[in-house]
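Given next are the chains, with one letter for each unit.
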Amino acid sequence: MMKRTSTLLALAALLLAAPALLPAGVPGAAAFASAQEITPEVRADFARLTRERSQAHAQLRKLDRQAADRVRDGRDATEVYAEQINTQDKLDLIQLRLELLATRYGLPLQPVEAPEASDGRDPVEKATDRVFSRGEARARDQLRRDVEDFLRSIDFSDFLAE
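Throughout, a residue's number is its position along its own chain's written sequence, starting from 1. For a predicted model such as this one, the threshold for reporting local features is a pLDDT of at least 70, and the threshold for listing and counting side-chain atom pairs is 80 or more; totals across whole chains, interfaces and linings nevertheless cover every residue. For the side-chain quantities, the full set of heavy atoms in the structure was used; hydrogens and water were omitted.

**Student:** Help me understand the overall build of the chain, please; the structure alone is not making it clear to me.
**Tutor:** Secondary structure elements follow DSSP: runs of H or I no shorter than four residues count as helices, runs of E no shorter than two count as strands, and numbering proceeds from the N terminus. Secondary structure summary: the chain contains six helices and zero strands in total. Secondary structure elements in the chain, listed N-terminal to C-terminal, are α-α-α-α-α-α. For the chain, the residues scored as buried account for 18% of the 162 residues in total. Residue contacts are defined here by distance: any two heavy atoms, one from each residue, within 4.5 Å place the two residues in contact. Long-range contacts, defined as pairs at least 24 residues apart, comprise 65% of the intrachain contacts of the chain with a sequence gap of at least 6. Shrake-Rupley sampling with a 1.4 Å probe provides the accessible areas, and residues are treated as covered by the protein chains on show and by no other component. Summed over all atoms, the accessible surface of the chain reaches about 12000 Å², with 59% contributed by carbon and sulfur. For the exposure calls, accessible area comes from a 1.4 Å probe over protein chains only, and a residue counts as buried if that area is under 20% of its type's maximum, exposed if over 50%, partly exposed in between.

**Student:** Any chance you could explain helix α3 (residues 40–72) here in plain terms?
**Tutor:** Since there are 3.6 residues in each turn of an α-helix, residues three or four apart along the chain are aligned in direction. Taking 1.5 Å of rise per residue, 33 residues should cover 48 Å, and α3 covers 48 Å from first to last C-alpha, within 8% of that figure. Among all positions in α3, only Val-42, Asp-45, Phe-46, Leu-49, Arg-53, Ala-56, Leu-60, Leu-63 and Ala-67 are buried. Against the buried residues of α3 lie α4 (78–105). The first or second residue beyond α3 is Gly-74, which carries a positive phi of 80°. A helix is expected to span 1.5 Å multiplied by its residue count minus one.

And the structure:
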């Protein structure tokens, strides 16, 4: 999947650079280099893709939260990771298409705004997480030290002797 995305990005870069690569005498080079007329269909497609990009970003944030919650609870998050990859691939393709349309037609491409409360979490829960985050970090550090001490205390000589 990563190779497909990088190939698409390379293709987009080539298409964006094409006007500079074409000699001036090539028929159609000037038309290719100038911005094309914006039709209502192009505007509608651009608006639809912009909405889809925002939805994909929101879905990705939601999946990030689900994966973090599963890992925090000690559950397997493999399925969520797979959904994250699929959603990121979809987002990359949408972004690529938007950039091509913006370049071809001179449309303004706005960055995605990440709303603060878009993850669906309660503001009280967020505030509680912020308050307890330092304590959680200290507890994780202590747990890590305990595990390291435990692993140091194990005598592997019998196992390694075999």
